[in-house]
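Structural characterization, general
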Amino acid sequence: MDEIHLPLAAQKMEAHRHHNDDNDDDEEEEHFHQVCRSYQQYATFHQTIQQGVNQRVERLLAKSQGQEDGGKPGPTISSILPLSMMPHHVESHRQNKAFCEATVRNQFFLDSVLRYSGVMTSQEVLKEMQQSKRRRSIEWATEDQMSKIDSVLKSVARDWSAEGSHERSVVYDRMLMALEKYLPLCRREKMTTDAGPPRIAVPGSGLGRLAWEIHSKGYSVQGSDFSLPMLLASDFVLNGCAVPDFNTASGDMEGTSVHRWRQFSISPWIAETKNVTTFENRIRTVTVPDVDPSSIQNIAGSSETAPEFTMLAGEFLSLYSSFLPQKQAHHECMDKNHSHQHSSGEKFHGIACSFFLDTAPSLPDYLITIYHMLVDGGLLLHFGPLMYHWSGHGALLPRDLDNGNENCEMNSRYHGRNSFLDGRYLSSVDFTWLEVREMIVNAGFEILEEEIDIPANYTANRHSMMEVLYKCVFLVAKKKNAQQ
Ligand SMILES: C[S@@+](CC[C@H](N)C(=O)[O-])C[C@H]1O[C@@H](n2cnc3c(N)ncnc32)[C@H](O)[C@@H]1O
């Protein structure tokens, strides 16, 4: 398997390319440290939350003590509380211990990710603090920041555990079948004149399994994502789980690629406290990865035509806007060594969007970029709901128009009221599926396949008392030739 562009290196490149100003570099740096802190503080954070719950129970009991002293008959808090919640009870100790072990299990995985990225692990941070003469105040991750790490663990379970296989197959199998049907490897000469297998982009690739699955069939794949917590974990799973095996019988490792792959036991749902049936369900484990990520066999062919696999770190429009006609001329003048620079010769033969299109703050911009990224006849594959990630905040309210100015761009009250929001919330428009479909056709695509109402989960906990079931659309569309 080809080496993946290290997300962090790419992230830094991206930062240098787009932000020449020191403040932006500082922001990138701070964001990186903040994400690492969240990774490092994971177990402490969740153990502290659990201590908080225990304290609340103790306060309830203390309150109940006062009531019981009155000697009134009937149930009291201490008489009805489950044993697992009674401080000092053996069952409560057992559960606290099991919970603590689950946090340590997850921390072990997260520390392995950090170590692979050359960042201090939670244990190393602790050791450094103990050795330090000076007492430093600790900057703790916020609940919001930690929820991103909880999401990473759930995404690892979706993409790389046997338990996630049903969730994956609903989406990824459709994508793979459509690629094999409309872009079969043996007929690639019809699609492209360049050597090598068809090139497929997987934007918003998350933990990377779809990109990996497509690559394992023999396609060249370029995954991309802008979330640093996700990128750190995907880089580790894809590249860091294989370790050289020195215990082979032959003892001669030279020139061979004998390795074993590490698997981890993680408890991805410990942060969930609502709709939990049993404590055991909350801490239950999955094993990741369920396959050896480095097991992709080298597909036959000369080294020049072997399929490539790369991952880019960065925002979709920033990474691929160089394909837009207005940017092409500008980019020809830029330093040719920039890795993200794309010439029209490197256009893609397919773009596989799984749960991605609705992440757009401006869907028309995504669609136009996708159009220009594709060769004539290239495929857009889309699977997902329409959650519109940037929707639901910053609505224009009647009182914003009180001053009579109907132009929301100019309305200072509106902007003042929403100044704390990311600007993308203020530009997001929610389109219906029919409207999205119409835009795809208007952009110059022919719809080859369309399936609606496909039930699909996303990072679901199958033992939860609540299930979010999306009724997704699957679409395969072909970019028409310019003449058509
Ligand atoms: C809902 S997840 C889907 C992940 C994966 N495709 C899957 O099906 O499991 C959306 C992914 O897109 C990424 N993402 C969202 N907006 C993005 C953008 N503008 N540029 C790059 N990545 C983006 C997120 O970080 C996240 O990993």
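Residues numbered from 1 in each chain as written. Predicted model: local features only at pLDDT ≥ 70, side-chain atom pairs only at ≥ 80, totals over all residues.

1. Looking at the site of the ligand
In the vicinity of the ligand lie 16 residues, with Gly204, Gly206, Ser227, Ser354 and Thr359 positioned nearest. Counted by class, the shell around the ligand contains 6 nonpolar, 7 polar and 3 charged residues. (Near = placed C-beta within 6 Å. Nonpolar A, V, L, I, M, F, W, Y, C, P; charged D, E, K, R; others polar.)

2. Re the pairing of strand β9 (residues 374–384)
Most of β9 is tucked away: 9 of the 11 residues are buried. Between the parallel pair strand β8 (residues 348–354) and β9, the chain is carried across by helix α14 (residues 363–373), and the sense of this crossover is right-handed. (Buried ≥ 20, exposed ≤ 12 C-beta atoms within 10 Å, placed from the backbone. Helix = DSSP H or I, 4+ residues; strand = E, 2+ residues; numbered from the N terminus. Right-handed = clockwise from strand over helix to strand, strands pointing away.)

3. What about the nonpolar core?
In this structure, Val156 and Ile351 are the most contacted members of the largest nonpolar core, which totals 81 residues. Top contributing element to this core by residue count: helix α10 (residues 228–240), with 8 residues. Counting contributing residues per domain, this core is built from domain 1 (7–39 + 147–248 + 261–391 + 428–479) and domain 2 (42–132), each supplying no fewer than three. The residues touching Ile351, leaving out its near neighbours within four places in the chain, are Ala201, Pro203, Ile370, Met373, Leu374, Leu380 and Leu381. One finds Phe99, Ala102, Trp269 and Ile270 within the second-largest nonpolar core, a separate group that totals 5 residues. (Core = buried A, V, L, I, M, F, W, Y, C linked by C-beta atoms within 7 Å. Domains from an automatic or database assignment. Contact = placed C-beta atoms within 7 Å.)

4. Some points on the sheet that holds strand β10 (residues 445–456)
Consider a sheet: its strands pair through backbone hydrogen bonds, and that pairing is either parallel or antiparallel. Taken in spatial order, the 7 strands of this open sheet run β7-β2-β1-β8-β9-β11-β10, and their pairing is mixed. Sheet topology places β7 (309–313) and β10 at the edges, where each strand pairs with a single neighbour. Here the strands of the sheet are splayed against their neighbours by 15° on average, with no regard to which way each runs. With 2 bridges connecting them, strand β1 (residues 199–203) and β8 associate as parallel partners. Its bridge partner being in β8, Ile200 is matched across the sheet by Gly350. Contacts between helix α8 (residues 165–182) and the sheet are confined to β1, β8, β9, β10 and β11 (470–479), with β9 contributing the most and set at about 160° to the helix. (Pairing = 2+ DSSP bridges. Axes fitted to C-alpha atoms, helices over the stretch in contact; angles between N-to-C directions.)

5. Here's the deal with the packing of α8 against helix α9 (residues 209–216)
The geometry of α8 relative to α9 is characterised by a closest axis approach of 11 Å and an angle of 35° between their N-to-C directions. Crossing handedness for the pair α8 and α9: right-handed. Residues Arg168, Tyr172, Met175, Leu176 and Leu179 of α8 lie in contact with α9, whose contacting residues are Arg209, Leu210, Glu213 and Ile214. (Left-handed = near helix turned anticlockwise from the far one by under 90°.)

6. Section: the confidence of the model for the chain
In this model, the chain carries an average pLDDT of 87, and 83% of its residues clear a pLDDT of 70 or more. When the criterion is pLDDT under 50, residues 1–20 qualifies, and its contacts beyond four places in sequence or with other chains add up to 40 contacts. Predicted confidence for residues 335–345 stays below pLDDT 50, and this span has 12 contacts to residues more than four positions away or in other chains. (pLDDT = per-residue confidence, 0-100.)

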